[in-house]
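Geometric and topological summary
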Amino acid sequence: MKCICLEQPGKIGVKEIAEVSRQEGEALIQVESAGICGSDVGAFRGSNPLVTYPRVIGHEVVGTILEIGENETGLKAGDRVIVDPYIYCGQCYPCSIGRTNCCEKLRVIGVHIDGGMAERIVHPARMLHKVPDSIPLELAPMAEPLTIALHALHRTRTKAGEHVCIIGAGAIGLLMAQAALTYGAFPIVLDVVEERLAFARKLGVQHTILAGVEDAKKRIKEITGGRMAEIVVEASGANAAVRGAIDYVSHAGRIALTGWPKVETSMPTSLFTFKEVDIMGSRTSAGEFGEALALIANGQIDVRPIVSKVVKFAEVPDSVQELSEHPERYLKIITLF
């Protein structure tokens, strides 16, 4: 069968590999659609230290079950499902308290182990979620990045009426802004690219700030009536954005760090104490797939505008390279098999 394989950094293509076979507790899945993520681009560039090569990429994966044994989820052959790509051990301390996304032995498909951009894959049956019939194939993979956005809002205990400052208007930042609106919160979106901020406004975001041009701290103070943002989520991975989070957050506020900076960030730690800020990491997701699929299915979150392009399976290698060279041109690229 065919797959999309990274042989080494900068070398990606369609490759023939052996068929997979299902083991106890797994499902055999015919893959039908998948999203290209920023982590796939990082693997292509060689900038993701967690990736080993050669590697079949892809963790935003949707397909139909071909074979499955008895399972507690009630799934059966013929069901269309989305893969929860974060395989946990179930035995370590984080797993014991339900924080499976930061399992000490976490294996992410497409990163630590081979991913879902293959004609057929096997995956633990307990980590599959049925996709509602109302969600088309080209949109279904968007539920995975939406879970990451939702996880940050859950980590920060976002409530109606609060201001959520989201730094980074990429796919996850824009999904987070839409999710904040559904929670009754007020998103404030910062980015260095005006086109992405204009896109955010089209999605219903009232407050946007062009970082590096506008005085972000002053604007947030004006928007919040002097309070500053009760919640700040850093979703870009830029060091300057991480540093800015402490300036944008209110006293007694909450900060979630979703981006992955490449180097350390110098921070005025005295402000952590002075403002008594809750600062937390927000890694991937844990238990958010049901909510994400429901939000898309019932139209509360519109993922269609975030899908910049739909390509054929054979076009994925060129699309990954295009995303690497021109990330500003796309939010999300989906491939149909």
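About the cut-offs
Residues numbered from 1 in each chain as written. Predicted model: local features only at pLDDT ≥ 70, side-chain atom pairs only at ≥ 80, totals over all residues. Heavy atoms only, no water. Helix = DSSP H or I, 4+ residues; strand = E, 2+ residues; numbered from the N terminus. Contact = heavy atoms within 4.5 Å. Axes fitted to C-alpha atoms, helices over the stretch in contact; angles between N-to-C directions. Parallel < 35°, antiparallel > 145°, perpendicular 65-115°, else oblique. Left-handed = near helix turned anticlockwise from the far one by under 90°. Nonpolar A, V, L, I, M, F, W, Y, C, P; charged D, E, K, R; others polar. Buried < 20%, exposed > 50% of the residue type's maximum accessible area, 1.4 Å probe, protein only. Arc of directions from axis to C-beta. Expected span 1.5 Å × (residues − 1).

Remarks on unusual backbone geometry
Backbone torsion omega between Tyr-53 and Pro-54 reads -5 degrees, so that peptide bond is classified as cis. Position of Pro-54 among the secondary structure elements: in the loop between helix 1 (38–45) and strand 4 (55–56). For Arg-157, which is not glycine, the phi torsion reads 55 degrees and is therefore positive. With respect to the helices, strands and loops of the structure, Arg-157 is situated in the loop between helix 3 (143–155) and strand 11 (163–167). Positive phi is not limited to glycine here, since Thr-284 has a value of about 50 degrees. With respect to the helices, strands and loops of the structure, Thr-284 is situated in the loop between strand 16 (278–281) and helix 9 (289–297).

Regarding the side chain of Ser-319
With respect to the helices and strands, the residue Ser-319 is situated in helix 10 (residues 316–325). Setting aside its immediate chain neighbours within four residues, Ser-319 contacts Ile-36, Val-311 and Ile-333.

What about the packing of helix 3 against helix 4 (residues 171–182)?
Contact geometry of helix 3 with helix 4 gives a least axis separation of 8 Å together with a crossing angle of 55 degrees. Between helix 3 and helix 4, the interaxial angle falls into the category oblique. Viewed along their axes, helix 3 and helix 4 form a crossing whose handedness is right-handed. Judged by residue contacts, Pro-145, Leu-146, Ile-148, Ala-149, Leu-150, Ala-152 and Leu-153 of helix 3 engage Ile-172, Leu-175, Met-176, Ala-179 and Ala-180 from helix 4. Considered class by class, the residues forming the contact of helix 3 with helix 4 number 12 nonpolar, no polar and no charged.

Quick notes on helix 5 (residues 194–202)
Along helix 5, the positions that sit buried rather than exposed are Arg-196, Leu-197 and Ala-200. End-on, the buried residues of helix 5 take up no more than an arc of 100 degrees, which puts them together on one face. What points out from helix 5, more than 90 degrees from its buried face, is the exposed set Glu-195 and Lys-202. Trailing helix 5 by a residue or two, Gly-204 shows a phi angle of about 105 degrees, which is positive.

A few points about helix 4
Because each turn of an α-helix spans 3.6 residues, side chains separated by three or four positions in sequence point in the same direction. If you check helix 4, its first and last C-alpha atoms are 17 Å apart, about what 12 residues at 1.5 Å a residue would give, namely 16 Å. Burial analysis of helix 4 places 9 of its 12 residues in the buried class, which makes it a mostly covered element. For helix 4, the full list of buried residues reads Ala-171, Gly-173, Leu-174, Leu-175, Met-176, Ala-177, Gln-178, Ala-179 and Ala-180. Summarising the contacts, the buried residues of helix 4 are in contact with helix 3, strand 11, strand 12 (186–191), helix 5 and strand 14 (229–234). Count one or two residues on from helix 4 and you reach Gly-184, which has phi positive near 85 degrees.

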